[in-house]
Amino acid sequence: MESDGAQSVALVQRDDIHYHPLFSSPDADIVLAAKGASVYFRLHSHNLKIASGFFRQMFMLPQNTQLDNNGILYLEEDEVTLENLFRMISGLSVPPIDSYDLVDPLLDAIEKYDTPGPLSIVRLLVMTPALLNEPFRLYAVACRFGWDDEAQYASSQTLAYDLHCPDVRPYLTRLSTNALLRLLDLHRSRREGLRQRLDDPPFVSGGLATCNNCNSTIDYHTWRELKYKIILEMDVRPLGDSISDEGLTDWSEAKACWQAKCGQPGCSRSLYDKSETLRVIRECIEKLPKMISLS
C-alpha cells in the first residue's frame, strides 16, 4: 500500500514474526525490526514522516533501498529503546524512564532519527526526581543538546563532588572540551574566590601582629592553618557546606583557633571571635558562583 507519498510496499504476512502488541496494526504500511530482530513494529509511515527527519528523507527517495524484500527495515536499537521512541512518536503513554541506562540509548536514537518531539519529552524527564540524582550525566546530556537551564542546574549539583575523584572521571571523559572547561572553571572559581576573600578584612593575615589589649606580639598561626584546611576542603567539596556546618566546629584546626589566646601573662585575650568569624565565612561561601557561566 502507499501512504502520503511513501514508496508502495507489499508487506508480507509471516507467522514467525513477533509483533509488539502496541504496534501490530494490520493497516500499517511499514515494519521496523529491533536489534537482533527480536521484536517487530508495524507503524504508519505518515506518522514517522511527521515525527522524524530521518524517515521523512528516507521516504522521499525513489527506492527505499534500506528495506528488505519483505518491506522490513532492520534497526540497530534494542526493543526497549524503540518502544519508548515509538510510543512518544505515536502519542501513547510512556512507561517510567527512571534511569540514564534508558535515557542515553533513547537520546542516541532520538538524535539519529531526528525526532524533536521525543527530544522535548526527554528534556522534561531528565528534570524529574528519579533522574536528578546523577548530576554529571544530566550535565553531559544538557551540554550535548544545548539545554542551558538544565546544564546550569546540573553544574550546581556537581559542587558536592570532587572532580579529581576516580569515581567521577568516567563522567568527565564524556564531556566536550568546552563543557569540561566550564565545569572546571566553576569549581576552581569557588576555591580561589574563597581563598582570596579569607585574606581580606575583617580576617587577619595569619602572620605576626600586636595584641590590641597588651601590645605584645602575637602569632596568628592557628588562623593560617585553618585557612589552609578550608581551601583543601573546597577542593574536595566545593559546595562548602562541610566547612560551614561541621568543619568550623569539629576540625582540630578550628578548635585550635577558637581556643587561641594571647600568650602574655595577665592578658589571655581570645585572638578570634568565633561567632563572627563563622558568620562571615558562611556569608563568603554563600556569595561564591553557584553555576557555570554561559558566556
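Keep in mind it's a predicted model, so treat the numbers as computed, not measured.

Colleague: Before we go on, may I ask you to explain the layout of surface pockets in this structure?
Modeller: In this approach a probe as big as a water molecule rolls over the atoms, and the regions it shows empty are the leftover space. Quantified by volume, the largest pocket comes out at close to 190 Å³. As for the largest pocket, its lining consists of Pro 202, Phe 203, Val 204, Tyr 220, Trp 223, Arg 269, Leu 271, Tyr 272, Asp 273, Glu 276, Thr 277 and Val 280. Of the residues assigned to the lining of the largest pocket, the class counts are 8 nonpolar, 1 polar and 3 charged.

Colleague: Looking at this model, I keep getting lost on helix α10 (residues 221-236). Mind explaining?
Modeller: Since one α-helical turn is 3.6 residues long, residues separated by three or four positions face the same way. Across its 16 residues, α10 extends 23 Å between first and last C-alpha, which sits within 8% of the 22 Å expected from 1.5 Å per residue. Considered for burial, the residues of α10 that qualify are Thr 222, Trp 223, Leu 226, Lys 227, Ile 230, Ile 231, Glu 233 and Met 234. Packing partners of the buried residues in α10 comprise α9 (177-197), α11 (241-250), α12 (252-259) and α13 (274-286).

Colleague: What's the story with helix α6 (residues 135-145) in this structure? I'm lost.
Modeller: Most of α6 is tucked away: 9 of the 11 residues are buried. Check the buried side of α6 and you find it contacts α4 (100-113), α5 (116-125), α7 (148-157), α8 (169-172) and α9. At the C-terminal side of α6, Gly 146 shows a positive phi close to 70 degrees.

Colleague: Whenever I open this one, the packing of aromatic side chains confuses me. Can you help?
Modeller: Pairs of aromatic rings are described using the distance from one ring centre to the other and the angle between the two planes. One pass over the full model with this rule turns up 14 aromatic pairs. Here the aromatic rings of Phe 54 and Tyr 113 are separated by 5.0 Å at their centres, their planes lie at 80 degrees, and the arrangement is edge-to-face. With a gap of 59 residues between them, Phe 54 in helix α2 (residues 53-60) and Tyr 113 in helix α4 connect regions that are remote in the sequence. Exposure remark for Phe 54: the relative accessible area of 25% places this residue in the partly exposed category.

Colleague: How do you make sense of the packing of helix α3 (residues 79-90) against α4 when you look at a structure like this?
Modeller: Two numbers describe how α3 lies on α4: the axes approach to 9 Å, and their chain directions differ by 60 degrees. Taken together, α3 and α4 sit at an angle that is classed as oblique. Regarding α3 and α4, the two cross each other, and that crossing is right-handed. Contact residues: Val 80, Thr 81, Asn 84, Leu 85 and Met 88 in α3; Leu 102, Pro 105, Leu 106, Ala 109, Ile 110 and Tyr 113 in α4. The class makeup of the residues in the contact of α3 with α4 is 9 nonpolar, 2 polar and no charged.

Colleague: Just to check I follow, could you spell out the pattern of salt bridges for this structure?
Modeller: Close approach of charged atoms allows side chains of opposite charge to pair. Using the criterion set out here, one finds 18 salt bridges in the structure. Here Asp 104 makes a salt bridge to Arg 137, at a shortest N to O gap of 2.7 Å. Pair noted here: Asp 104 is in helix α4 and Arg 137 is in helix α6, with a separation of 33 residues, a long-range link. For Asp 108, the salt bridge goes to Arg 144, with nearest N and O atoms at 2.9 Å. Here Arg 144 lies in helix α6 and Asp 108 lies in helix α4, a separation of 36 residues in the sequence. Connected through shared salt-bridge partners, Asp 101, Asp 104, Glu 134 and Arg 137 make up one network.

Conventions adopted
- Residues numbered from 1 in each chain as written.
- Predicted model: local features only at pLDDT ≥ 70, side-chain atom pairs only at ≥ 80, totals over all residues.
- Heavy atoms only, no water.
- 1 Å grid on protein atoms, 1.4 Å probe; cavity = no way out; pocket = protein on both sides within 12 Å on 5 of 7 lines; lining within 4 Å.
- Points joined across faces, edges and corners; volume = space filled by probe spheres on them.
- Nonpolar A, V, L, I, M, F, W, Y, C, P; charged D, E, K, R; others polar.
- Helix = DSSP H or I, 4+ residues; strand = E, 2+ residues; numbered from the N terminus.
- Expected span 1.5 Å × (residues − 1).
- Buried < 20%, exposed > 50% of the residue type's maximum accessible area, 1.4 Å probe, protein only.
- Contact = heavy atoms within 4.5 Å.
- Phe/Tyr/Trp six-rings, centres within 6.5 Å; stacked < 30°, edge-to-face > 60°.
- Axes fitted to C-alpha atoms, helices over the stretch in contact; angles between N-to-C directions.
- Parallel < 35°, antiparallel > 145°, perpendicular 65-115°, else oblique.
- Left-handed = near helix turned anticlockwise from the far one by under 90°.
- Salt bridge = Lys/Arg side-chain N within 4 Å of Asp/Glu carboxyl O.

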